[in-house]
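# Survey of secondary and tertiary structure
This is what each chain is made of:
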Number of protein chains: 2
Amino acid sequence: MHSLQFTAESSSNGLLARDFTVGEVPGVLWSPAAGAADRAPLILMAHGGGNHKKHPAMSGRARLLVTGCGFHVAVIDAPGHGDRPRTAHDEAEIAELFRARAAGEPEGPIVVRYNDHLAEIAVPEYRATLDALQELPEIGTEGPVGFWGINMGTAIGVPFVASEPRIAAAVFGQHWPDVLAEKAQLITIPIEFDLQWDDEHISREEGLALFDAFASKEKSLHVNAGRHKELPRFEADSAVRFFARHLAGSTTASA
Amino acid sequence: MHSLQFTAESSSNGLLARDFTVGEVPGVLWSPAAGAADRAPLILMAHGGGNHKKHPAMSGRARLLVTGCGFHVAVIDAPGHGDRPRTAHDEAEIAELFRARAAGEPEGPIVVRYNDHLAEIAVPEYRATLDALQELPEIGTEGPVGFWGINMGTAIGVPFVASEPRIAAAVFGQHWPDVLAEKAQLITIPIEFDLQWDDEHISREEGLALFDAFASKEKSLHVNAGRHKELPRFEADSAVRFFARHLAGSTTASA
């Protein structure tokens with residue numbers, strides 16, 4: 001088992017960002033600057049395809065979770081992404097994706113198989129990262145852990161969460177059911193799931209089929225009008241409230 | 001045109017409730033007790049079938065809107081509901097609904113036609129109520145107006161909003177597309193729409209078809225696991241944030 005090594009540290013506007021590695025895998029841990037040593041729930045995040053651990057979508061969500069809930073938030077670079085090297089297989093699959101896109105062919109079959117390949121590598125990395133993070137006194141093994149990943153983050157997250165009993169609640173969305181539905185059937189924790197009603201890549205039937213597959217008794221689907229990349233920013237606020245409800249023991253129920 | 005007559009007043013925990021009539025129609029206007037005279041946006045609500053203007057679902061939602069946003073909130077009794085007399089037609093339709101329920105027959109066809117009948121009466125009543133409320137200095141004709149109605153409240157609200165340009169944002173849900181989809185196609189304002197994934201009365205296809213019919217560029221669908229009456233309470237909080245985003249000019253967008 002690899003332990004976690006901190007490699008750099010910075011803070012801005014109340015948010016402490018600590019870069020780390022677990023073995024060869026680089027990640028970042030965001031915490032409240034004023035309470036970085038305080039025990040709090042952990043949210044593991046996974047970034048989208050072509051992005052990386054510090055993409056604004058990741059740092060923005062981390063800021064909401066840290067400043068809104070006082071949580072710790074960690075994300076690692078996916079294989080072939082961010083600070084990690086691309087293999088010849090990565091290069092070939094990316095070239096094939098760009099070729100299909102330029103030719104106006106469906107991207108789904110390529111994304112589904114390439115993300116499945118990356119998930120096979122990433123799932124044990126997420127498990128090792130969680131093991132190492134739980135060695136930190138501010139996280140520990142007792143506190144609840146959530147998972148948040150959309151797009152490729154769902155392709156990695158669904159098999160991870162299906163095989164990882166330490167995850168208590170998860171936010172997924174925007175992927176195809178082909179590979180993932182079978183694994184989603186193993187998931188029973190509370191789920192919030194995002195899909196876009198006018199997604200040019202993922203059909204309504206495909207998106208709804210993946211949502212339907214989760215065995216969770218508590219699951220919410222948020223559909224918004226708009227294309228694949230137009231997921232509204234208020235869904236990030238909704239995800240934060242979802243984690244607050246399930247991990248912080250807070251409730252805003254009423255009416 | 002009937003003007004609004006206040007008939008009773010009470011307050012509890014910061015919420016002022018003023019009973020009123022507009023012509024023969026009884027309603028209630030909830031406002032912040034400490035700022036009842038302050039100009040603020042208005043939310044018109046419509047209650048569900050078999051309920052009334054002061055059902056806990058109505059007073060609970062009003063409390064969230066008033067204490068959370070400082071809005072004014074008004075709801076009137078639907079025809080044949082609350083303090084209003086039932087006609088022989090009401091009695092016959094209710095008897096038919098109970099007969100179908102006891103026989104295990106589908107309730108949809110009866111609810112659809114009876115709610116459509118009630119909506120024909122209620123839509124001009126909502127229009128007259130809005131006219132009268134806008135005569136009050138704390139509401140006026142300049143401020144934005146929202147509409148919130150689920151179940152029968154959607155059967156009344158969709159034709160009302162489709163024909164009422166003063167409504168700027170609306171929350172609907174849990175009804176059939178048969179009568180309403182054609183009117184929903186005329187609606188272009190922002191919409192939040194609730195449906196239950198395991199609704200024993202409204203099929204997934206029917207619920208999704210009604211959501212799909214709205215012409216709104218901004219529309220969100222919230223689906224939750226569970227049966228018809230199990231709409232989670234956190235959807236009321238979500239609706240309040242929806243109105244805050246669209247009517248108060250406030251935004252919590254980020255990440």
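The structure under discussion appears in the preceding block.
Residues numbered from 1 in each chain as written. Chains lettered and ligands numbered in written order. Predicted model: local features only at pLDDT ≥ 70, side-chain atom pairs only at ≥ 80, totals over all residues. Heavy atoms only, no water.

## Brief notes about the interface of chain A and chain B
Here is the rule we go by: By definition, residues are in contact when any of their heavy atoms lie within 4.5 Å. By buried area we mean how much accessible surface two parts lose on assembly, using a 1.4 Å probe and totalling the loss over both. Each salt bridge in this description consists of a side-chain nitrogen of Lys or Arg and a carboxyl oxygen of Asp or Glu lying within 4 Å of one another. A 3.5 Å cut-off defines polar contacts: any pair of N or O atoms within that distance qualifies, except that in protein one atom must be a possible hydrogen donor and the other a possible acceptor, and neighbouring residues in sequence count only when both atoms are side-chain atoms. In this description a helix means any DSSP run of H or I spanning at least four residues, a strand means any run of E spanning at least two, and both kinds are numbered starting from the N terminus.
Listed by partner, the interface residues are 27 residues for chain A and 27 residues for chain B. Note on chain A versus chain B: buried area summed over both sides is about 2400 Å², and carbon and sulfur give 55% of it. Taking the shortest distance from any N to any O, the salt bridge between B:D212 and A:R204 comes out at 2.9 Å. Our count for the contact surface shared by chain A and chain B stands at ten residue pairs in polar contact (both at pLDDT 80 or more). If you list the elements that add at least two residues to the side of chain A that touches chain B, you get α1 (56-69), α6 (204-213), β9 (219-224) and α7 (234-247) of chain A.

## Focus on the packing of aromatic side chains
The geometry of an aromatic ring pair is captured by the separation of the ring centres together with the interplanar angle, meaning the angle of the planes. Threshold: When the centres of two rings from Phe, Tyr and Trp lie within 6.5 Å, Trp using its six-membered ring, the rings pair. Their planes under 30 degrees apart give stacked, over 60 give edge-to-face, and anything left gives tilted. Each residue's exposure class comes from its accessible area (1.4 Å probe, protein chains only) as a fraction of the maximum for that residue type: buried when under 20%, exposed when over 50%, partly exposed otherwise. Cation placement over rings: the criterion is NZ of Lys or CZ of Arg within 6 Å of the ring centroid and within 35° of the ring normal.
Following the criterion strictly, the structure yields 20 aromatic pairs over all chains and no others. Aromatic side chains A:F193 and A:F211 sit 6.1 Å apart centroid to centroid with 50° between the ring planes, which places their arrangement in the tilted category. With A:F193 in strand β8 (residues 191-196) and A:F211 in helix α6, the pair connects residues that are 18 residues apart, well separated along the chain. Given the relative accessible area of 0%, A:F211 is considered buried. Linked through ring pairs, A:Y126, A:F147, A:F160, A:F172, A:F193, A:F211, A:F214 and B:W197 together constitute an aromatic cluster. One cation-aromatic arrangement involves A:R245 over B:F234; the distance from NZ or CZ to the ring centre is 3.7 Å. Seen from the ring of B:F211, B:K219 lies directly overhead, with NZ or CZ sitting 4.8 Å from the centre.

## Re the relation of the copies chain A and chain B
Note the following rule: The superposition of copies rests on a least-squares fit of C-alpha positions from residues with pLDDT of 70 or more in both.
For the match of chain A to chain B, the screw axis carries a shift of 0.0 Å, the RMSD comes to 0.0 Å, and the turn is 180°. Both chain copies can therefore be described as sitting about a two-fold axis. In terms of C-alpha distance to the rotation axis, chain A has A:H222 as its closest residue, with the C-alpha 2.4 Å off the axis. The fraction of interface residues of chain A whose copies in chain B are also interface residues reaches 100%, indicating that both copies meet through the same surface.

## Overview of the pairing of strand β2 (residues 15-22) of chain B
In the case of a regular strand, side chains alternate between the two sheet surfaces. All names here are of chain B. Heads up, the condition is: Any two strands are treated as partners once DSSP identifies two or more bridges connecting them.
With seven of eight residues buried, β2 is to be regarded as a mostly interior element. With eight bridges joining them, strand β1 (residues 4-12) and β2 adopt antiparallel strand pairing. Bridge pairing in β2 places E9 opposite R18. Inspection of the sheet shows β2 paired to strand β3 (residues 25-32) by eight bridges, in the antiparallel sense. Pairing of L15 across the sheet is with P32, part of β3. Counted between consecutive antiparallel strands, the loop separating β2 from β3 contains two residues, among which G23 sits at a positive phi close to 65°.

## Points about the environment of B:L195
Topologically, B:L195 is positioned in strand β8 (residues 191-196). The class of B:L195 is buried, set by a relative accessible area of 4%.

## Side note on the environment of B:T21
Residues and elements named next belong to chain B. When you line up the elements, T21 lands in strand β2. It is 8.7 Å that separates the C-alpha atoms of T21 and T129, two residues lying 108 residues apart in sequence. With near-sequence residues (within four places) excluded, T21 lies in contact with S3, L4, Q5, T7 and P26.

## Concerning the nonpolar core
How we decide: Put simply, buried Ala, Val, Leu, Ile, Met, Phe, Trp, Tyr and Cys residues joined by side-chain atoms within 4.5 Å make one nonpolar core.
In terms of nonpolar packing, the biggest core is built from 147 residues, with A:W30, A:L44, A:W148, B:W30, B:L44 and B:W148 touching the most fellow members. Those residues in contact with B:L44 that sit more than four places away from it in its chain are B:A74, B:Y126, B:L130, B:L133, B:V145, B:G146, B:F147, B:W148, B:F160 and B:I167.

## Notes on helix α7 (residues 234-247) of chain B
All names here are of chain B. Using the following cut-off: An expected span of 1.5 Å times one less than the residue number is assigned to each helix.
For α7, with 14 residues, the first-to-last C-alpha span of 20 Å sits near the 20 Å given by 1.5 Å per residue. Burial of α7 is extensive: eleven of the 14 residues sit out of reach of the surface. Residues of α7 that are buried: F234, E235, A236, D237, S238, A239, V240, F242, F243, A244 and L247.

## Observations regarding the pairing of strand β4 (residues 42-46) of chain B
Residues and elements named next belong to chain B. The criterion, for reference: Classification remark: right-handed applies to a crossover when, strands pointing away from the viewer, the course from the first strand over the helix to the second runs clockwise.
Within β4, five of the five residues are buried, leaving the element largely enclosed by the surrounding structure. Taking every second residue as pointing to the same face, both faces of β4 are buried, with L42, L44 and A46 on one and I43 and M45 on the other. With four bridges joining them, β4 and strand β5 (residues 72-76) adopt parallel strand pairing. Across the sheet, residue L42 finds its bridge partner in β5, namely H72. For the segment spanning β4, helix α1 (residues 56-69) and β5, crossover handedness is right-handed.

## What to know about the environment of B:D198
Residue and element names in this part refer to chain B. Secondary-structure assignment places D198 in the loop between β8 and α6 (204-213). For the pair D198 and V223, spaced 25 residues apart in sequence, the C-alpha to C-alpha distance is 9.6 Å. Among residues more than four places away in sequence, those in contact with D198 are R204, A225, G226 and R227. Looking at D198, its side chain comes within polar contact range of the side chain of R204, at 3.4 Å.

## So, the packing of helix α2 (residues 88-103) of chain A against helix α3 (residues 108-133) of chain A
Residue and element names in this part refer to chain A. Rules: The convention used is that axes are lines fitted to C-alpha atoms, helices contributing only their stretch in contact, and that angles between N-to-C directions extend from 0 to 180 degrees. Any angle that is under 35 degrees is reported as roughly parallel, and any over 145 degrees as roughly antiparallel; angles of 65 to 115 degrees are reported as roughly perpendicular and all others as oblique. Rotating anticlockwise by less than a right angle from the far helix to the near helix defines a left-handed crossing, while the corresponding clockwise rotation defines a right-handed one. The residue classification treats Ala, Val, Leu, Ile, Met, Phe, Trp, Tyr, Cys and Pro as nonpolar and Asp, Glu, Lys and Arg as charged. All others, Gly included, are polar.
Viewed as axis vectors pointing N to C, α2 and α3 meet at an angle of 160°, and their least axial separation amounts to 10 Å. With respect to each other, α2 and α3 are oriented roughly antiparallel. Between α2 and α3 lies a crossing of left-handed hand. For the pair α2 and α3, contact is made by H89, D90, E93, I94, E96, L97 and A100 and by I110, V111, R113, Y114, H117 and L118, respectively. Looking at the contact of α2 with α3, its residues break down into seven nonpolar, two polar and four charged.

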